[in-house]
Amino acid sequence: MEKISLSEKFLIAGSSGMVGSSIYRTLKKYGYGNKNKKGVIYTPTRKDLDLLKKDEVYAWFKKYNPTVVIIAAAKVGGIYANSKQPVEFLLENLKIQTNLIEASWKFKVKRLLFLGSSCIYPKLAEQPIKEEYLLSGDLEKTNESYALAKITGIKLCQALAEQYQFDAISLMPTNLYGPGDNYHPENSHVMASLIRKFYDASKNSSKSVTCWGTGSPLREFLHVDDLGDAVVFCLRKWDPKNANSPKKSNGESLYFLNVGTGKDLSIKELAEKIATLTNFKGEIIWDESKPDGTMRKKLDVSRIKNIGWSPSIKLEDGIKMTLKSYEAEIRNFNPK
């Protein structure tokens, strides 16, 4: 049975970002937002709606009355940004998600989907990481503030579902990449950072590329269009209260699911793969004075696979697609 219909009024919070824009494309692909079916997809910009301001959020909900809310809005960044701005990462993310979750509940939204992150899990969690490992140990210090905010969002959604039967679900994606990523030299995540470094080095015939850390940490990567597909699938199909839905090992209902590929590789292997795909011929230097972060972070994705979803984009194909989008972004930014 479908949990949402073609006549829904969707709000994608964070629609201009990499994740939000992918969710928008996926919704359109499945026929949502069709005016002939009375469907709408709202994609307010920051200028239209400041998510940090509760009064603005409430006024927007009162005016537009969305029936399905997807929270893809967040302050995000890599190790450097997280370590330098812990206050901003904690405060801004808490404000954004609390304003949206509470408004969705108060204005009786039909379904809410909150997007977390795999960084919510303990630094030394057993691998692969199961959903019930949440809060079983200390977090990785380099992104602790962001993780704490996300954990609060997950727990608020769960509390509303259990105490007030509000239909709120959450997904925990692994490391994401794809079109629309942030390629800032200091604030980007590892995949985008490496793509920029090797692409630019190849174009400039540089003799070397310097990468952070030892290259030994293992990471799992999911193309953002696979996440978009998982979001729409779960909105349509997943009901945590259903007897056949995934449960914790102790039998309790699960209100959040991991999303990933279940496969990982070392940062060194990733760098070498990107170097090959960009035709970089120089030396790769590892700056071991920089932090590695968590040594391994591989998600157990068996539960989302058990309800019928699995990723379809292979890593090498996804990197090639991302390189093309990065190249197009550069051309648009620096037209001849």
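This text goes with the structure placed above it.
Bear in mind that the values here come from a model prediction, so they are computed numbers and not experimental data.

Q: Go over the overall build of the chain with me, naming the residues and quoting the values.
A: Across its full length, the chain carries 10 helices and 13 strands. Its C-alpha atoms give the chain a radius of gyration of 20 Å, near enough to 20 Å, the size a compact globule of 336 residues would have. With the C-alpha coordinates of the chain rotated into their principal frame, the extents come out at 60 × 50 × 40 Å. A separation threshold of at least 6 residues defines the contact pool for the chain, and within that pool the share at least 24 residues apart is 81%. Here the chain has roughly 16200 Å² of accessible surface; of this, 49% comes from carbon and sulfur atoms. The centroid of the 51 positive side-chain charges in the chain is displaced by 6 Å from the centroid of its 38 negative side-chain charges.

Q: I'd like a rundown of the environment of Asp300, residues and numbers included.
A: Positionally, Asp300 belongs in the loop between strand 13 (296–297) and helix 9 (302–306). Note on Asp300: relative accessible area 11%, which makes it buried. Distance from Asp300 to Lys62, taken between C-alpha atoms, is 39 Å for residues 238 residues apart in sequence. Setting aside anything within four residues of it in sequence, one finds Asp300 in contact with Pro128, Ile129, Lys130, Glu131 and Asn258. A polar contact is formed between the side chain of Asp300 and the side chain of Ser302, at a distance of 2.6 Å.

Q: Residues and numbers for the pattern of salt bridges, please.
A: A complete count under the given rule lists 21 salt bridges for this structure. Across the salt bridge formed by Asp264 and Arg296, the nearest N and O atoms sit 2.8 Å from each other. Of the two residues, Asp264 is situated in the loop between strand 10 (256–259) and strand 11 (265–266) and Arg296 in strand 13; the sequence distance between them amounts to 32 residues. Shared partners join several salt bridges into a network, and the residues in it are Lys3, Arg111, Asp167 and Asp239.

Q: Describe empty space enclosed by the protein, naming the residues involved and giving the relevant values.
A: Across all of its chains, the model carries 1 cavity of 30 Å³ or more by this definition. Of the volumes computed, that of the largest cavity is approximately 60 Å³. Around the largest cavity, the lining residues are Ser118, Cys119, Tyr121, Pro122, Lys123, Ile129, Glu140, Asn143, Thr294, Arg296 and Lys297. Broken down by class, the residue content of the lining of the largest cavity amounts to 4 nonpolar, 3 polar and 4 charged.

Q: Outline the sheet that holds strand 13, supporting the account with residue identities and numerical values.
A: The sheet built from 3 strands is open, its strands ordered 11-8-13 with mixed pairing. The sheet is open, and its two edges are formed by strand 11 and strand 13, each paired on a single side. The pairing of strand 8 (residues 218–219) with strand 13 spans 2 bridges and is classified as parallel. By the bridge assignment, Arg219 is partnered in strand 13 with Lys297.

Q: Tell me about the packing of helix 4 (residues 86–106) against helix 5 (residues 144–164), and name the residues and values.
A: The N-to-C vectors of helix 4 and helix 5 enclose an angle of 20 degrees; their axes lie 8 Å apart at closest approach. With respect to their mutual orientation, helix 4 and helix 5 come out roughly parallel. Read as a crossing pair, helix 4 and helix 5 show a hand that is right-handed. The residues of helix 5 that touch helix 4, namely those facing Pro86, Phe89, Leu90, Asn93, Leu94, Gln97, Ile101 and Trp105, are Ser145, Tyr146, Leu148, Ala149, Lys150, Thr152, Gly153, Leu156, Cys157, Leu160 and Tyr164. Here the residues of the contact of helix 4 with helix 5 sort into 13 nonpolar, 5 polar and 1 charged.

Q: Describe the environment of Leu139, and please don't skip the residues or the numbers.
A: Among the secondary structure elements, Leu139 is positioned in the loop between strand 4 (111–115) and helix 5. If sequence neighbours within four positions are ignored, Leu139 has contacts with Cys119, Ile120, Tyr121, Lys123, Glu144, Ala147, Leu148 and Ile151.

Q: A description of unusual backbone geometry should follow, citing residues and the corresponding values.
A: Backbone phi values are negative for most residues with the exception of glycine, while trans is the configuration of most peptide bonds. Cis geometry marks the peptide bond from Gln127 to Pro128, where omega comes out at -10 degrees. One can find Pro128 in the loop between strand 4 and helix 5. The phi dihedral of Asn65 is positive, around 50 degrees, even though this residue is not glycine. Among the structural elements, Asn65 can be located in the loop between helix 2 (54–64) and strand 3 (68–71). Residue Lys108 is not a glycine yet carries a positive backbone phi of 60 degrees. Along the chain, the position of Lys108 falls in the loop between helix 4 and strand 4. When its relative accessible area of 70% is taken as the criterion, Lys108 is described as exposed.

Q: Tell me about helix 7 (residues 224–237), and name the residues and values.
A: With 14 residues, helix 7 ought to run about 20 Å at 1.5 Å a step, and its terminal C-alpha atoms sit 20 Å apart, in line with that. Within helix 7, 12 of the 14 residues are buried, which leaves the element mostly enclosed by the surrounding structure. Within helix 7 the residues assigned to the buried category are Val224, Asp226, Leu227, Gly228, Asp229, Ala230, Val231, Val232, Phe233, Cys234, Leu235 and Arg236.

Rules of the game
Residues numbered from 1 in each chain as written. Predicted model: local features only at pLDDT ≥ 70, side-chain atom pairs only at ≥ 80, totals over all residues. Heavy atoms only, no water. Helix = DSSP H or I, 4+ residues; strand = E, 2+ residues; numbered from the N terminus. Rg over C-alpha atoms; globule rule 2.2 N^0.38 Å. Contact = heavy atoms within 4.5 Å. Areas by Shrake-Rupley, 256 points an atom, 1.4 Å probe, with all protein chains shown as cover. Lys, Arg positive; Asp, Glu negative; His and termini not counted. Charge placed at Lys NZ, Arg CZ, Asp CG, Glu CD. Buried < 20%, exposed > 50% of the residue type's maximum accessible area, 1.4 Å probe, protein only. Polar contact = N/O pair within 3.5 Å; in protein donor to acceptor, adjacent residues only side chain to side chain. Salt bridge = Lys/Arg side-chain N within 4 Å of Asp/Glu carboxyl O. 1 Å grid on protein atoms, 1.4 Å probe; cavity = no way out; pocket = protein on both sides within 12 Å on 5 of 7 lines; lining within 4 Å. Points joined across faces, edges and corners; volume = space filled by probe spheres on them. Nonpolar A, V, L, I, M, F, W, Y, C, P; charged D, E, K, R; others polar. Pairing = 2+ DSSP bridges. Axes fitted to C-alpha atoms, helices over the stretch in contact; angles between N-to-C directions. Parallel < 35°, antiparallel > 145°, perpendicular 65-115°, else oblique. Left-handed = near helix turned anticlockwise from the far one by under 90°. Expected span 1.5 Å × (residues − 1).

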